[in-house]
Amino acid sequence: MNAAMTSDSPFEAFAPLAALVPHETVTHSLVKDVVLPGGTHGSAATRIALLTLDNGLDHTKPTTLGPNTLIELGTTLEGLRRRAAAGEIDAVAVTGKPYFLVAGADLSTVKTLRDPAAGEQMARLGHAAYDLLAGGIGVPTFAFINGVALGGGLEIALACDYRTVSAGAAGIGLPEAFIGLVPGWGGVWRLPRLTGPEAGLTVMIENPLNGNRTIGGQQAFELGIADALFESADFLEQSLQWAASVLAGDTAVVRPNAVEPLTDPAAAERWAAAAKAARAIVAAKTSNAAPAPGKVLDVFEAGATSTQKESAELEVAALTWLMQTPQFRDTVYAFLDLTQKRAKRPAGAPDPKLARPITKVGVVGAGLMASQLALLFARQLKVPVVMTDIDQERVDKGVGHVHAEVDKLAAKGRLSQDAANRTRALVSGSVSKDEFADADFVIEAVFEELSVKKQVLAEVEAVVKPECIIATNTSSLSVTAMAADLAHPERVVGFHFFNPVAVMPLVEIVRAPQTEEAVLATAFVLAKGLKKTGVLVKDAAAFVVNRVLLRLMGEVTAAFDEGTPAEVADTALAPMGLPMTPFTLASMVGLPVAQHVAESLHAAFGDRFHVSANQQALIDAGIKGLWAPTADGGHEIPSATRALLRFGGTPSTGEQVLTRCQDALAEEIGLLLDEGVVAGPEDVDLCMILGAGWPMHLGGITPYLDRVGASRRVNGRPFHAES
């Protein structure tokens, strides 16, 4: 049953807000009474009003919170408050439909609230509803976290008096710092009081800024977010029995991690120390270019000396301001429109029904990249994988590396021992490509040299069956040229992974002019089976990510070679909040690899791509990076390295380097789109986010270039229509 909004309901004031989003998918508040036997001390039977949040869609469609949903929730809780006052119920418990408590605010709704007054109303509406759970009903409240509980979903649980969690629950967290907001409905104040400030900021800052990590039920229990942990098979039944036991006084709830800085000076000191450490994380991850993480910490620090209601006002103010920032709108575009929508419906992907089954995979090569690929295929596809190389020593080393990585996963508890044994057994090696005779998919991961790759593909084609797909992991070479001398070039496709393979979610799927639809369809289905996002790209030098990155890095190294001080050149891009500086990235990728790709791009596109003589001098001397660490934790260019370098006499300021890089990126992406390398700017953005770690708060690279004016300066028009 649902409670209707009465004429004197405080939620009536929010009706104009709800009218702004008439097409919201409402998560309904469904209530039924559950009567449980009395406790062991002779207490009476317990009547619990069980409120289930359910949007009526299948279990793959998450429940979310929009204005209409929150009004219905608040109105339903008001009705339960009246029933509690009449003695009809002893407690209220909130849970969700299978696999979800609630997945957070409905971002597609929130992003439309451009009026600050509407944003403030949205913030206050959540507090009005949650305040009822936090002591406003008049009877104890319980949250049964049965699945995903993100953002406002977890804040529902935090507002309740008691919480249980399913051992099978996944996707628990407060990701607001990642999506450009603050946990605006009590989470910043309540969470650290349950878990301690350090763990609270791990959930609110560190996890969101590390790829939007979440936690599972076991960790939520260990941190103190939940008071009890039950297995998923009978989670609801166990939770109800536990709640009845708590109400009867038979179970005492102990919270060893709980702290209260208002009354505990030691806790207040921990608060300040945790905030300082978290600010260092924010600076390292975003260069303080994203406003949301700093706002989370502002509210967190103020919360040490604030009441919950005082903190709520700070949350409302922060949420209202952040909802109007371009960074929030850009983040929603990047997160919702790109990684949640476009990634699942790739532009240009053929009908998946054309895909061929993959029952065996071959990997040519046994080096580090090949070993990573073999492990990924074995783990995710659970099919036999054969690695080959030119001698037995290399083969044994590659297979041994895969087996060692499997053992590490098992030791960390990420694979059961049975799963580890099965995965090891799937990966084998040989010096003969004859082992590929019955393979359905063979991918090469050998040295990035066209003649080498052409020879390898010819050798593979000579032994595989006619329907076998041949793929290349090339990062910059022409797939068309690679397949030109084959008898059947139509079976060849580019399948470009990013390093480290286990972590980076992008695969650039390269279509050469002769690539068949069935081959392409198989590549997309395969990428999905590997839990990767495939983006269709045209066969053009370096495709998308490396082309854009090398143009960016080339401009920085060119400025350095012209005489710009190293520190100025390397830090000029700090306002972008990139995950690492250009010189750090170059050393991580490997100077020889970066130079090789730069040379390939220079050959393909000319002087737009700078090939650095200074970088070549470092490579020739066996030096792996420009910077060397100093005793005080900083870095410097060693004198021996500096002696190898030669500079021009036209240094730039950091601002000039930044503008130069912005304009170069706008030019290169404009050309890339004119060439039809991808279907649109959205695919460039998706590639850069998933393949290069481009910051979410920038909304993808093209909205950023629009916002700073580079696309208009260089191309005469923005990449995206202005709204």
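Residues numbered from 1 in each chain as written. Predicted model: local features only at pLDDT ≥ 70, side-chain atom pairs only at ≥ 80, totals over all residues. Heavy atoms only, no water.

The name recorded for the chain in an unreviewed UniProt entry is 3-hydroxyacyl-CoA dehydrogenase, from Sinomonas cyclohexanicum. Listed in UniProt under the heading Catalytic activity (unreviewed entry), the comment for the chain reads: "a (3S)-3-hydroxyacyl-CoA + NAD(+) = a 3-oxoacyl-CoA + NADH + H(+)". (UniProt positions renumbered as here; feature names shortened; annotations may be inferred.)

**Q** Outline the sheet that holds strand E3 (residues 91-96), listing residues and values.
**A** Overall, mixed pairing links the 6 strands, which are arranged E1-E2-E3-E5-E7-E9 in an open sheet. Each having just a single partner strand, strand E1 (28-36) and strand E9 (228-230) make up the two edges of the open sheet. Across the sheet, the axes of successive neighbouring strands diverge by a mean angle of 25 degrees, strand direction being ignored. Bridge count between strand E5 (residues 141-145) and strand E7 (residues 162-166): 4 bridges; the pairing is parallel. Bridge pairing in E7 places Ala-143 opposite Arg-163. The strands that helix H2 (residues 67-85) touches are E1, strand E2 (46-54) and E3; relative to E1, the one it contacts most, it runs at about 30 degrees. Of the strands in this sheet, E1, E2, E3, E5, E7 and E9 touch helix H10 (residues 235-248), which is tilted by about 155 degrees from E5. (Pairing = 2+ DSSP bridges. Helix = DSSP H or I, 4+ residues; strand = E, 2+ residues; numbered from the N terminus. Axes fitted to C-alpha atoms, helices over the stretch in contact; angles between N-to-C directions. Contact = heavy atoms within 4.5 Å.)

**Q** Lay out helix H18 (residues 450-461) in plain terms, naming residues and giving numbers.
**A** Between the first and last C-alpha of H18 there are 16 Å, a value that for 12 residues agrees with the 16 Å anticipated at 1.5 Å per step. Looking only at H18, the buried set comprises Lys-453, Val-456, Leu-457, Val-460 and Glu-461. Considered in projection along H18, the buried side chains sweep an arc of 135 degrees and stay on one side of the axis. Summarising the contacts, the buried residues of H18 are in contact with strand E10 (361-364), strand E13 (441-444), strand E14 (469-472), helix H19 (479-483) and strand E15 (492-497). (Expected span 1.5 Å × (residues − 1). Buried < 20%, exposed > 50% of the residue type's maximum accessible area, 1.4 Å probe, protein only. Arc of directions from axis to C-beta.)

**Q** Report on the UniProt feature "domain: 3-hydroxyacyl-CoA dehydrogenase C-terminal" (unreviewed entry) in the chain, specifying residues and quantitative values.
**A** Here, the residues flagged by UniProt with the feature "domain: 3-hydroxyacyl-CoA dehydrogenase C-terminal" (unreviewed entry) are residues 543-622. In residues 543-622, helix accounts for 68% and strand for 0%; the two terminal C-alpha atoms are 29 Å from one another.

**Q** An account of the packing of helix H11 (residues 265-286) against helix H12 (residues 291-303) is needed here, citing residue identities and associated values.
**A** Orientation of H11 relative to H12, taken along the N-to-C sense of each, is 175 degrees, at an axis distance of 10 Å. Accordingly, the angle class assigned to the pair H11 and H12 is roughly antiparallel. On H12, the residues that touch Trp-271, Ala-275, Ala-278, Arg-279 and Val-282 of H11 are Pro-293, Gly-294, Leu-297, Asp-298, Phe-300, Glu-301 and Gly-303. Along the lines of polarity and charge, the residues of the contact of H11 with H12 split into 7 nonpolar, 2 polar and 3 charged. (Parallel < 35°, antiparallel > 145°, perpendicular 65-115°, else oblique. Nonpolar A, V, L, I, M, F, W, Y, C, P; charged D, E, K, R; others polar.)

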